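Here is how the chains run, residue by residue.
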Amino acid sequence: MTDSPRPRDTRTALVDRWRDTLLAVRSGATGPDPLPYAENLLARWDEPQRRYHTTAHLTAVLDRIDTLAGYAADVQAVRLAAWFHDAVYRPDRTENEERSAALAERALPEAGVGEAVTAEVARLVRLTVTHDPAEGDGNGEVLCDADLAVLAGSPQEYAAYAAQVREEYGFVPDEAFRAGRAAVLRQLLALPRLFRTPHGAAEWEARARHNLATELELLGSTSDPR
């Protein structure tokens, strides 16, 4: 039995992934040292108000993008979008995606990324507001599927995810949280498809819908005074 990776090992792996992606996007062009940008982003992902939207979530999304890479037109842009999609996260605010996209629009040109890739990254980050990419938007489908794949975890994994979300919204009273969370779950269940890539549809759709329906049922039973 091997020991679990230490936090420093995980951080080093993320820095390496950022560097590799940024250098690939530059296509050999020179630019600033990637490390300060990685450190800035990781500091954001490590902020104390986060319970679910942490570096563990970032790592999971990057791993799922690797699984889905063949469906993307520009997988490196999708990977950069993963780094930025929750880079600004305050659970008490509603403009996180827009602020994260604006951060990408400022930081990426400084880091040596071209205009077209920067624009695509910002577009993808904004797409995570709705997780509703247009038909044929391979990059959007990969990012959204990778971000939503947590919904298809085992019962234990899904329960841990739901508990972390509740912790992030600890400032919201129970009754208000249950009402808001139930609305989100109903909205997701009403979508004709949660996952757009063939892999996501085949491997994640059924389990995700089961988990969402189970949580919705539990929220209803919790709020029932009888």
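Below you will find a few notes about this structure. Just so it is clear, the model here is predicted, and its values are computed rather than measured. (Residues numbered from 1 in each chain as written. Predicted model: local features only at pLDDT ≥ 70, side-chain atom pairs only at ≥ 80, totals over all residues. Heavy atoms only, no water.)

## Focus on unusual backbone geometry
Most peptide bonds take the trans form, and the phi angle of most residues other than glycine is negative.
Next up, step 1: Its identity is not glycine, yet serine 27 carries a phi of approximately 55°, on the positive side.
Next up, step 2: When you line up the elements, serine 27 lands in the loop between helix H1 (7-26) and helix H2 (34-45).
Next up, step 3: With phi around 50°, histidine 131 is a residue other than glycine that occupies positive phi space.
Next up, step 4: By the element assignment, histidine 131 lies in the loop between helix H6 (115-127) and helix H7 (138-148). (Helix = DSSP H or I, 4+ residues; strand = E, 2+ residues; numbered from the N terminus.)

## Comments concerning the side chain of glutamate 168
Next up, step 1: Tracing the sequence through the fold places glutamate 168 in helix H8 (residues 155-168).
Next up, step 2: Arginine 50 is the oppositely charged side chain nearest to the buried, salt-bridge-free glutamate 168, at an N-O distance of 6.5 Å.
Next up, step 3: Once you skip the residues sitting within four places of it in the chain, glutamate 168 turns out to touch Gln49, Arg50, Arg51, Tyr52, His53, Tyr89 and Pro91. (Buried < 20%, exposed > 50% of the residue type's maximum accessible area, 1.4 Å probe, protein only. Lys, Arg positive; Asp, Glu negative; His and termini not counted. Salt bridge = Lys/Arg side-chain N within 4 Å of Asp/Glu carboxyl O. Contact = heavy atoms within 4.5 Å.)

## A look at the pattern of salt bridges
Next up, step 1: Using the criterion set out here, one finds 18 salt bridges in the structure.
Next up, step 2: Where arginine 17 meets aspartate 63, a salt bridge forms, and the shortest distance between an N and an O atom there is 2.9 Å. Residue arginine 17 is located in helix H1, and its partner aspartate 63 is located in helix H3 (residues 55-68); the two are separated by 46 residues in the primary sequence.
Next up, step 3: Because the salt bridges share partners, they merge into one network encompassing Arg17, Asp63, Asp66 and Arg79.

## Quick notes on the packing of H6 against H7
Next up, step 1: One can describe the packing of H6 onto H7 by two numbers: an axis separation of 10 Å at closest approach and a directional angle of 50°. When the axis of H6 is compared with that of H7, the two are oblique. In this structure, H6 crosses over H7, and the sense of that crossing is right-handed. Residues Glu120, Arg123, Leu124, Val125 and Leu127 of H6 lie in contact with H7, whose contacting residues are Asn139, Gly140, Leu143 and Cys144.
Next up, step 2: When grouped by side-chain class, the residues that make up the contact of H6 with H7 number five nonpolar, two polar and two charged. (Axes fitted to C-alpha atoms, helices over the stretch in contact; angles between N-to-C directions. Parallel < 35°, antiparallel > 145°, perpendicular 65-115°, else oblique. Left-handed = near helix turned anticlockwise from the far one by under 90°. Nonpolar A, V, L, I, M, F, W, Y, C, P; charged D, E, K, R; others polar.)

## So, the environment of serine 27
Next up, step 1: By relative accessible area, which is 65% here, serine 27 ends up exposed.
Next up, step 2: Serine 27 sits 86 residues away from valine 113 along the chain, and the two C-alpha atoms are 9.5 Å apart.

## Re the nonpolar core
Next up, step 1: Grouped together as the largest cluster of nonpolar side chains are 63 residues, with contacts concentrated most on Trp18, Ile65, Trp83, Phe84, Leu108, Val121 and Leu151.
Next up, step 2: Looking at which element gives the most residues to this core, the answer is helix H4 (residues 75-84), with eight residues. (Core = buried A, V, L, I, M, F, W, Y, C linked by side-chain atoms within 4.5 Å.)

## Quick look at the packing of aromatic side chains
Geometry of an aromatic ring pair is reported as the spacing of the ring centres plus the angle between the planes.
Next up, step 1: Inspection of the entire model under this criterion finds seven aromatic pairs.
Next up, step 2: Between tryptophan 18 and tryptophan 83, the aromatic rings sit 5.3 Å apart at their centres with planes inclined by 70°, giving edge-to-face as the arrangement. Of the two residues, tryptophan 18 is situated in helix H1 and tryptophan 83 in helix H4; the sequence distance between them amounts to 65 residues. In this structure, tryptophan 18 and tryptophan 83 share a single accessibility class: buried. (Phe/Tyr/Trp six-rings, centres within 6.5 Å; stacked < 30°, edge-to-face > 60°.)

## Regarding the layout of surface pockets
Next up, step 1: What the largest pocket holds in volume is close to 1100 Å³.
Next up, step 2: Around the largest pocket sit 32 residues that line it, and Glu97, Val129, His131, Tyr169 and Val184 are the ones nearest its centre.
Next up, step 3: Within the residue set of the lining of the largest pocket, elements represented by two or more residues are helix H5 (96-110), H7, H8 and helix H9 (174-190).
Next up, step 4: In terms of residue count, H9 provides more of the lining of the largest pocket than any other element does, seven residues in total.
Next up, step 5: Residues of the lining of the largest pocket, tallied by class, amount to 16 nonpolar, nine polar and seven charged. (1 Å grid on protein atoms, 1.4 Å probe; cavity = no way out; pocket = protein on both sides within 12 Å on 5 of 7 lines; lining within 4 Å. Points joined across faces, edges and corners; volume = space filled by probe spheres on them.)

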